[in-house]
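As a plain string of letters, each chain reads:
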Amino acid sequence: MVIIIGNQKGGAGKSTLTLLLANYLVQVKKRKVTVIDMDYQQSIAQKFEKAKLLENPEPYEVIAASLDDYPAMEDLLYNSGEQVVLIDLPGKLDDDGLIPVFRSANLVICPFSYDEFSFNSTILFSVVLRKINPEVMLTYVPNRIKANVRYETQLEVDEQLQKLGSVTPVLPDRIDFQRTNTFQTPLSLIPAIRPVFEIIYQNHIAKPATP
Ligand SMILES: Nc1ncnc2c1ncn2[C@@H]1O[C@H](COP(=O)(O)OP(=O)(O)O)[C@@H](O)[C@H]1O
Ligand SMILES: [Mg+2]
């Protein structure tokens, strides 16, 4: 299946979430994963090359690609079968190259935070996505939530987003997120990320048991 991690807002946590989910699927769920890094900064691809240089084992392949490369890759992805293809998208919406990517997605994961600017870009992203792929499963992940802050708009925002998709439990704002790389997730993060990834996995990724 094809999962895209998107939101037009930079810094929402797309690349971080892509890495964490890739690690989780491989290490916990024993799934075969390929990551396609379409972010301009290619932060995941860079981490991957660095990990390779240090001779760490490669738990999955990371392919650096641009939106223009996608149509040529699409057919292969359709036949990905049991494999999970994760696509880290660039933070923009004004590129026709996104259309085939949006169209081929089975699931879209959208990290966001509870500030007004993030909400607006999250809604805009969702509207464009739905227009191109009305059937796609969509799930929102509140990210970088600070323990000591009361988010006045949280209930209201969740209510609006639930009209478009599902909203997972929140991911806290913690420094150890910044140590995530392509061969491991910091152990200290597991209790924080597990509830989020379990819900996403059970609801959207796990194959229903065949009778
Ligand atoms: N929950 C979190 N807690 C702390 N830092 C985070 C968290 N999520 C992301 N970050 C950091 O925020 C920055 C932006 O995240 P990133 O995943 O690169 O966003 P995007 O890919 O959407 O631009 C990175 O330095 C990342 O390590
Ligand atoms: Mg990124």
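Residues numbered from 1 in each chain as written. Chains lettered and ligands numbered in written order. Predicted model: local features only at pLDDT ≥ 70, side-chain atom pairs only at ≥ 80, totals over all residues. Heavy atoms only, no water.

Draft legend 1. Layout of the pairing of strand S5 (residues 107-112). Across the six residues that make up S5, a large majority, six, are buried. With three bridges joining them, strand S1 (residues 2-5) and S5 adopt parallel strand pairing. Paired with Ile3 across the strands is Leu107, a residue of S5. Two elements, S5 and strand S6 (residues 137-142), share six bridges in a ladder whose sense is parallel. Across the sheet, the residue bridging to Ile109 is Thr139, located in S6. Tracing the backbone out of S5, into helix H5 (residues 116-132) and back to the parallel element S6 gives a crossover that is right-handed. (Buried < 20%, exposed > 50% of the residue type's maximum accessible area, 1.4 Å probe, protein only. Helix = DSSP H or I, 4+ residues; strand = E, 2+ residues; numbered from the N terminus. Pairing = 2+ DSSP bridges. Right-handed = clockwise from strand over helix to strand, strands pointing away.)

Draft legend 2. Molecular detail of the sheet that holds strand S7 (residues 166-167). With parallel pairing, seven strands are arranged side by side in an open sheet as S3-S2-S4-S1-S5-S6-S7. At either end of the open sheet lies a strand with only one pairing partner, and these are strand S3 (61-64) and S7. Its contacts with the sheet put helix H7 (residues 190-205) on S1, strand S4 (84-88), S5, S6 and S7, and the angle it makes with S6 is roughly 175 degrees. (Contact = heavy atoms within 4.5 Å. Axes fitted to C-alpha atoms, helices over the stretch in contact; angles between N-to-C directions.)

Draft legend 3. Local environment of the pattern of salt bridges. All told, the structure shown has six salt bridges when counted by the stated rule. Ionic pairing is found between Glu198 and Lys29, a salt bridge with its closest N-O pair at 2.9 Å. Of this pair, Glu198 sits in helix H7 while Lys29 sits in the loop between helix H1 (14-27) and strand S2 (33-37); the two residues are 169 residues apart in sequence, bridging distant segments of the chain. Taking relative accessible area as the criterion, Lys29 reaches 21% and is therefore assigned partly exposed. Residue Asp176 pairs with Arg174 through a salt bridge whose shortest N-O separation is 2.9 Å. Under the relative-accessibility criterion, Arg174 is labelled partly exposed at 32%. (Salt bridge = Lys/Arg side-chain N within 4 Å of Asp/Glu carboxyl O.)

Draft legend 4. Spotlight on the site of ligand 1. In the vicinity of ligand 1 lie 14 residues, with Gly11, Lys14, Thr16, Asn143 and Pro172 positioned nearest. Taking Asn143, its side chain carries an N or O atom lying 2.8 Å from a nitrogen atom of ligand 1. Coverage of ligand 1 by the protein chains reaches 82% of its 560 Å² of free accessible surface. Split by residue class, the shell around ligand 1 holds three nonpolar, seven polar and four charged. (Near = heavy atom within 4 Å. Polar contact = N/O pair within 3.5 Å; in protein donor to acceptor, adjacent residues only side chain to side chain. Areas by Shrake-Rupley, 256 points an atom, 1.4 Å probe, with all protein chains shown as cover. Nonpolar A, V, L, I, M, F, W, Y, C, P; charged D, E, K, R; others polar.)

Draft legend 5. Fine view of H1. For H1, with 14 residues, the first-to-last C-alpha span of 20 Å sits near the 20 Å given by 1.5 Å per residue. When you tally the buried positions in H1, you get 12 out of 14 residues, the bulk of the element. Every buried residue of H1 is accounted for by Lys14, Ser15, Leu17, Thr18, Leu19, Leu20, Leu21, Ala22, Asn23, Tyr24, Leu25 and Val26. (Expected span 1.5 Å × (residues − 1).)

Draft legend 6. Structural detail: the coordination of the magnesium ion (ligand 2). All of the protein donors around the magnesium ion (ligand 2) are Ser15 (OG) and Asp39 (OD); their distances to the metal are 2.1 to 2.2 Å. You can see Ser15 sitting in helix H1 and its partner Asp39 sitting in the loop between S2 and helix H2 (43-53), a full 24 residues away along the chain. The class of Ser15 is buried, set by a relative accessible area of 15%. Residue Asp39 is classed as buried on the basis of its relative accessible area, which comes to 10%. (Donors = N, O, S within 2.8 Å, 3.2 Å for Na, K, Ca; no water.)

Draft legend 7. Local environment of the packing of aromatic side chains. Applying the stated rule across the entire model yields five aromatic pairs. Both rings, one in Phe112 and one in Tyr114, keep their centres 5.2 Å apart while their planes meet at 80 degrees; by these two values the pair is edge-to-face. Tyr114 matches Phe112 in its accessibility class, with the two residues each being buried. Between Tyr114 and Tyr151, the aromatic rings sit 5.8 Å apart at their centres with planes inclined by 45 degrees, giving tilted as the arrangement. One end of the pair, Tyr114, is in the loop between S5 and H5; the other, Tyr151, is in the loop between S6 and helix H6 (154-162), with 37 residues separating them in the sequence. Each member of the pair Tyr114 and Tyr151 is classed as buried. (Phe/Tyr/Trp six-rings, centres within 6.5 Å; stacked < 30°, edge-to-face > 60°.)

Draft legend 8. Seen up close, the environment of Tyr140. Here Tyr140 shows up in strand S6. According to the relative accessible area criterion, Tyr140 is buried, its value standing at 0%. For Tyr140 and Val33, which are 107 residues apart along the polypeptide, the C-alpha to C-alpha distance reads 21 Å. If sequence neighbours within four positions are ignored, Tyr140 has contacts with Cys110, Phe112, Thr122, Ser126, Leu161, Leu164, Gly165, Ser166, Val167 and Thr168. Polar contacts involving the side chain of Tyr140 include one to the side chain of Ser126, which spans 2.7 Å.

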